[in-house]
Amino acid sequence: MDLTSRITRHFLDSITVKERSAKELPDSIERAGAAMVESLLRGHKILCCGNGGSAGDAQHFSAEMLNRFERERPGMPAIALTTDNSTITAIANDYHYVEIFSKQVLALGQGGDILLAISTSGNSDNVVEAIGAAHERGMIVVALTGRDGGRMAGALRDGDIEVRVPSERTARIQEVHLVVIHCLCDYIDTAIFGGEDA
């Protein structure tokens, strides 16, 4: 087994998926960014959720919003629903794990807010439930998915935006999700605060 070749293959596969994504995803990323900008300018917030690596992505996005991305600017309201262990375990224990995000969305979400829902498969039960809760609250959903979009794609309504990575492999989808998150951060910063292209 040539492990060096396997390492090289990871880089080459990642490049291939990113090149395809660069052709297929800019329009949906721009629509997602525009929805987020409009929401933020109207005084609303972005709630983020996902499991595992996607939980990390939700926290990454929230941190970039609350703190800063690549420029000095005021913090912007974003909440990762993956970070409060007491809340998550209380909901999972008292009700069901599938409700760990939806109950938070129902409690914190308001009309005009955005839900950033992240799942590489599009089939995470608790994220699908969060989408339903967001709709109940009158929120717009931005879904980051992969593969065929899964059940999340079918749960979206008019006005929601799906950014679907053209790959079947979890690692490749996660890598592109991170690029998408950085694109959204840059779009929001540039649209709201202006400045020259990086």
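Residues numbered from 1 in each chain as written. Predicted model: local features only at pLDDT ≥ 70, side-chain atom pairs only at ≥ 80, totals over all residues. Heavy atoms only, no water.

### Description of the side chain of H135
In plain terms, the rule: Runs of E in the DSSP output that reach at least two residues are strands. Runs of H or I that reach at least four are helices, and both are numbered from the N terminus. By definition in these notes, contact holds between two residues if any of their heavy atoms fall within 4.5 Å.
With respect to the helices and strands, the residue H135 is situated in helix α6 (residues 125-136). Aside from chain neighbours lying at most four places away, what touches H135 is V141, A155, L156, R157 and D160.

### Comments concerning the nonpolar core
Let me state the cut-off plainly: Put simply, buried Ala, Val, Leu, Ile, Met, Phe, Trp, Tyr and Cys residues joined by side-chain atoms within 4.5 Å make one nonpolar core. When a residue's accessible area, from a 1.4 Å probe over protein chains only, is under 20% of the maximum for its type it is buried; when over 50% it is exposed; and in between it is partly exposed.
Among the nonpolar cores identified, the biggest contains 31 residues, and M36, I46, F61 and L116 are the most heavily contacted of them. When residues of this core are traced back to their parent elements, those giving at least two are α2 (26-41), β1 (46-49), α3 (53-66), β3 (114-118), β4 (140-146), β5 (161-165) and α8 (170-193). The element contributing the most residues to this core is α8, with seven residues. Contact partners of F61, with chain neighbours within four places excluded, come to M36, I46, C48, L116, I181, L184, C185 and I188. Ranked by size, the runner-up nonpolar core spans 21 residues in total, among them V127, A130, I131 and A143.

### What to know about the environment of P77
Relative to the elements of secondary structure, P77 occurs in the loop between α3 and β2 (78-80). For the pair P77 and A32, spaced 45 residues apart in sequence, the C-alpha separation works out to 16 Å.

### Notes on the side chain of H177
Looking at the secondary structure, you find H177 in helix α8. For H177, a relative accessible area of 0% puts it in the buried group. The contacts of H177, once residues within four sequence positions are left out, are D57, I118, S119, T120, L144, T145 and V165.

### Some words on the packing of α2 against α8
Selection rule: With axes taken as lines fitted to C-alpha atoms, and helix axes fitted only over the stretch in contact, angles between N-to-C directions fall between 0 and 180 degrees. These descriptions rest on fixed angle ranges, namely under 35 degrees for roughly parallel, over 145 for roughly antiparallel, 65 to 115 for roughly perpendicular, and the rest for oblique. Crossings are assigned a handedness: left-handed for a near helix turned anticlockwise from the far helix by less than a right angle, right-handed for a clockwise turn. Residues are grouped as follows: Ala, Val, Leu, Ile, Met, Phe, Trp, Tyr, Cys and Pro are nonpolar; Asp, Glu, Lys and Arg are charged; every other residue, Gly included, is polar.
Packing of α2 against α8 leaves a shortest axis separation of 9 Å and a crossing angle of 50°. As summarised for this structure, α2 and α8 are arranged oblique, according to the angle between their axes. Crossing handedness for the pair α2 and α8: right-handed. Across from I29, E30, A32, G33, A34, M36, V37, L40 and L41 in α2, the residues of α8 making contact are V180, C183, L184, Y187, I188, A191 and I192. Its residues assigned to classes, the contact of α2 with α8 comprises 14 nonpolar, one polar and one charged.

### Section: the packing of aromatic side chains
Defined as follows: Each aromatic pair joins two rings of Phe, Tyr and Trp (for Trp, the six-membered one) with centres within 6.5 Å, and gets the label stacked for planes under 30 degrees apart, edge-to-face for over 60, and tilted for any other angle. A positively charged side chain is recorded as over a ring if its NZ (Lys) or CZ (Arg) lies within 6 Å of the ring centre. The angle to the ring normal must also be within 35 degrees.
Per the counting criterion, the structure on display carries zero aromatic pairs. Lying across the ring of Y95, K103 places its NZ or CZ 4.1 Å from the centre.

### Details of the packing of helix α1 (residues 3-24) against α8
Packing of α1 against α8 leaves a shortest axis separation of 10 Å and a crossing angle of 55°. For the element pair α1 / α8, the angle class is oblique. Considering the relative orientation of α1 and α8, their crossing is right-handed. Touching H10, D13, S14, V17, K18 and S21 of α1 are R172, E175, V176 and V179, all from α8. Grouping the amino acids of the contact of α1 with α8 by side-chain chemistry returns three nonpolar, three polar and four charged.

### Some words on the sheet that holds β5
The criterion, for reference: Between any two strands, pairing holds if DSSP finds at least two bridges.
In space, the five strands of this open sheet follow the order β2-β1-β3-β4-β5, with parallel pairing throughout. One side of each edge strand has no neighbouring strand; the edge strands of this open sheet are β2 and β5. With direction set aside, neighbouring strand axes in the sheet form an average angle of 15°. Pairing geometry for β4 and β5, over five bridges, is parallel. The residue bridging V142 from the neighbouring strand is I161, located in β5. α6 contacts β1, β3 and β4 of the sheet and is inclined by roughly 165° relative to β3.

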